[in-house]
Amino acid sequence: MTENYDNIYNEPYCVKDGCLYETVERKGKVTMVRLCDYVPVLKSEITFDDGSESRKAFEVGAVHSNGTTMPTVTVTADEMSSMKWLIEKWGSLGSYLPANNTLGKIRHAIMSTRADVEFKTVYSQTGWRKIDERYEFLMPSADSQFTVELQGKLNAYHWSGSASADKLFYLTALLENGLLPQRVMLPLLAVTFLSPLEHFLKAASCEPKFITALVGKTGTRKSTTAALMCSFFGSFTASTLPMSFHDTANSILSNIYSMKDVLTCVDDLHPNGVYGDSEMKSTAQNLARFYGDRIGRARLNSKIELQPSRPPTGMCLVTAEYVPEISQSGLARYFIVEMRADDIDLALMTEYQQLATDGVLA
């Protein structure tokens, strides 16, 4: 593999005996100074785009002079500036010659290979985005030309292949009094299919400013119902919903920003002791403010610079055992849908869960 790297660098860097050298002119003589015992190359430059900010990262690979192919590593722009990652990621194989500015020269050599680099963008927010003057709906999908990567339980969001025409009657059947009474099903379907319109409603200054709460006692299968609605945008079950009231407020705020133009869910508001109740009520109040006002928290970075806020960008379901006990203004932002013990047809729900597993809804 080393022979392919012989001419990989621009001057003044070159490869000799599987090592990175710098050619230096001193007193009219050209000498070669060894920088490290391997050949590091830049493989790709990645732009991570979260909808409000972009950050750079680099994929770097190397071959050691002893013939070892070193693992390809992803390095942030800050890490590339300091170059401490050489030892942190490659251990003893990543050592370098102790001399003034050796790290800067190795970095310069790596970046000088960019003529052979693959440039790619990774999106960390779903939903509508105007790319090259055309609207695209970003979503993790094996068939998409765009790369969308989501973290944690959010990676359950994805597009599947198109449903066959003979499966589409299942969608219209949801409108009938079968699986759930219409007083439950119609609001849930409305908020589900409102989600992909959120981008354009915001552009028209009529962004929906409410949050839907599915309220019922334990055993009414609120979480199962919420998972079915979320399955229009991915693969979810009652135990794999995107968020819960046990998550931290900061993680919830970050996630609801990433879930643009899709339906998400914060699951399981329930009695949880004095301290737990206080935390959950605070989260319920914050959700009311976030979705009711469509605002995010102001943030400062490590340099005390104001960062773009990250407001909610989709629609949200909350499942709860009781109506959130929060301020009147907060509660006014909740659309309450009550579920009762005998509301759900369990046989039909099993059938629809299989459809969701098969990707028909998504």
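Residues numbered from 1 in each chain as written. Predicted model: local features only at pLDDT ≥ 70, side-chain atom pairs only at ≥ 80, totals over all residues. Heavy atoms only, no water.

Trainee: Help me out: how do you make sense of the overall build of the protein chain in this one?
Mentor: Looking only at helices and strands, one finds 11 helices and 17 strands in the protein chain. The globule rule puts the C-alpha radius of gyration for 362 residues at 21 Å, and the 27 Å found for the protein chain is more than 25% above it. For the protein chain, with 362 residues in total, the buried portion stands at 48%. Considering only contacts in the protein chain between residues 6 or more positions apart, those separated by 24 or more positions represent 63%. For the protein chain, the accessible area works out to roughly 18400 Å², and carbon and sulfur atoms hold 50% of it. The distance from the centre of the 35 positive side-chain charges to the centre of the 42 negative ones in the protein chain is 6 Å. (Helix = DSSP H or I, 4+ residues; strand = E, 2+ residues; numbered from the N terminus. Rg over C-alpha atoms; globule rule 2.2 N^0.38 Å. Buried < 20%, exposed > 50% of the residue type's maximum accessible area, 1.4 Å probe, protein only. Contact = heavy atoms within 4.5 Å. Areas by Shrake-Rupley, 256 points an atom, 1.4 Å probe, with all protein chains shown as cover. Lys, Arg positive; Asp, Glu negative; His and termini not counted. Charge placed at Lys NZ, Arg CZ, Asp CG, Glu CD.)

Trainee: I keep staring at the sheet that holds strand 5 (residues 54–64) and nothing clicks. Help me out?
Mentor: Backbone-to-backbone hydrogen bonds join strands into a sheet, with any given pair of strands oriented parallel or antiparallel. Taken together, the 5 strands give an open sheet; going across it, the order is 6-5-4-7-10, and neighbouring strands pair in mixed fashion. The open sheet terminates on both sides in strands that have one partner only, identified here as strand 6 (69–76) and strand 10 (147–148). Relative to strand 6, strand 5 runs antiparallel, the two sharing 6 bridges. Each bridged residue has a counterpart across the sheet, and for V60 the counterpart in strand 6 is V73. Contacting strand 4 (38–49) and strand 5, helix 3 (residues 102–111) crosses the sheet at an angle of about 70° to strand 4. (Pairing = 2+ DSSP bridges. Axes fitted to C-alpha atoms, helices over the stretch in contact; angles between N-to-C directions.)

Trainee: What is the right way to read the state of the cysteines from this model?
Mentor: Note on terminology: a disulfide is the covalent bond linking the sulfur atoms of two cysteines. Counted under the stated rule, the structure contains 0 disulfides. Cysteine C230 remains unbridged, with the sulfur of C265 as its closest cysteine sulfur at 5.2 Å. Given the relative accessible area of 0%, C265 is considered buried. (Disulfide = S-S within 2.5 Å.)

Trainee: What am I meant to see in unusual backbone geometry here?
Mentor: What is expected of a backbone is that most residues other than glycine have negative phi and most peptide bonds are trans. For the bond from E11 to P12, the omega torsion is 15°, close enough to zero to count as cis. Structurally, P12 can be placed in the segment before strand 1 (13–16). You will see that D17, though not glycine, has its phi angle at about 55°, which is positive. Tracing the backbone shows D17 in the loop between strand 1 and strand 2 (19–26). With a phi angle near 65°, E133 is a residue other than glycine that sits in the positive phi range. Locating E133 in the fold gives a position in the loop between strand 8 (127–131) and strand 9 (134–138). We classify E133 as exposed; its relative accessible area is 70%.

Trainee: What am I meant to see in helix 9 (residues 273–293) here?
Mentor: Each turn of an α-helix holds 3.6 residues, which means side chains three or four residues apart point in the same direction. When the terminal C-alpha atoms of helix 9 are compared, their 29 Å separation across 21 residues agrees well with the 30 Å that a helix rising 1.5 Å per residue should span. Those residues of helix 9 that sit buried are G276, D277, M280, T283, A284, Q285, N286, L287, A288, F290, Y291 and G292. As for helix 9, its buried residues are in contact with strand 11 (211–215), helix 8 (249–258), strand 13 (263–269), strand 16 (315–320), helix 10 (328–331) and strand 17 (334–338). Where helix 9 terminates, the next one or two residues include R294, which has phi positive at roughly 50°. (Expected span 1.5 Å × (residues − 1).)

Trainee: Just to check I follow, could you spell out the environment of A156 for this structure?
Mentor: The topology assignment puts A156 in the loop between strand 10 and helix 4 (169–173). The exposure class of A156 is buried, given its relative accessible area of 15%. For the pair A156 and F335, spaced 179 residues apart in sequence, the C-alpha to C-alpha distance is 26 Å. Setting aside chain neighbours within four positions, we find A156 in contact with G234, S235 and F236.

Trainee: What is the right way to look at the pairing of strand 13 in this model?
Mentor: The side chains of a regular strand alternate, first on one face of the sheet and then on the other. Counting buried positions over the 7 residues of strand 13 gives 6, a clear majority of the element. Two elements, strand 12 (residues 243–244) and strand 13, share 2 bridges in a ladder whose sense is parallel. By the bridge assignment, M243 is partnered in strand 13 with V266. Read from strand 12 through helix 8 to strand 13, the crossover connection turns out right-handed. Here strand 13 runs beside strand 16; their pairing, made up of 5 bridges, is parallel. Its bridge partner lying in strand 16, T264 is registered against C316. (Right-handed = clockwise from strand over helix to strand, strands pointing away.)

Trainee: What should I look at first to understand the nonpolar core in this one?
Mentor: Where a protein is soluble and globular, its nonpolar side chains tend to be buried together. Counting residues in hydrophobic clusters, the biggest one holds 46 residues, and the most contacted among them are Y157, L179, L228, M229, L263 and L317. Apart from residues no more than four positions distant in its own chain, M229 is found in contact with M185, L188, L189, T192, L263 and L317. Formed by 27 residues, the second largest nonpolar core is a distinct cluster that contains L42, V73, W90 and I110. (Core = buried A, V, L, I, M, F, W, Y, C linked by side-chain atoms within 4.5 Å.)

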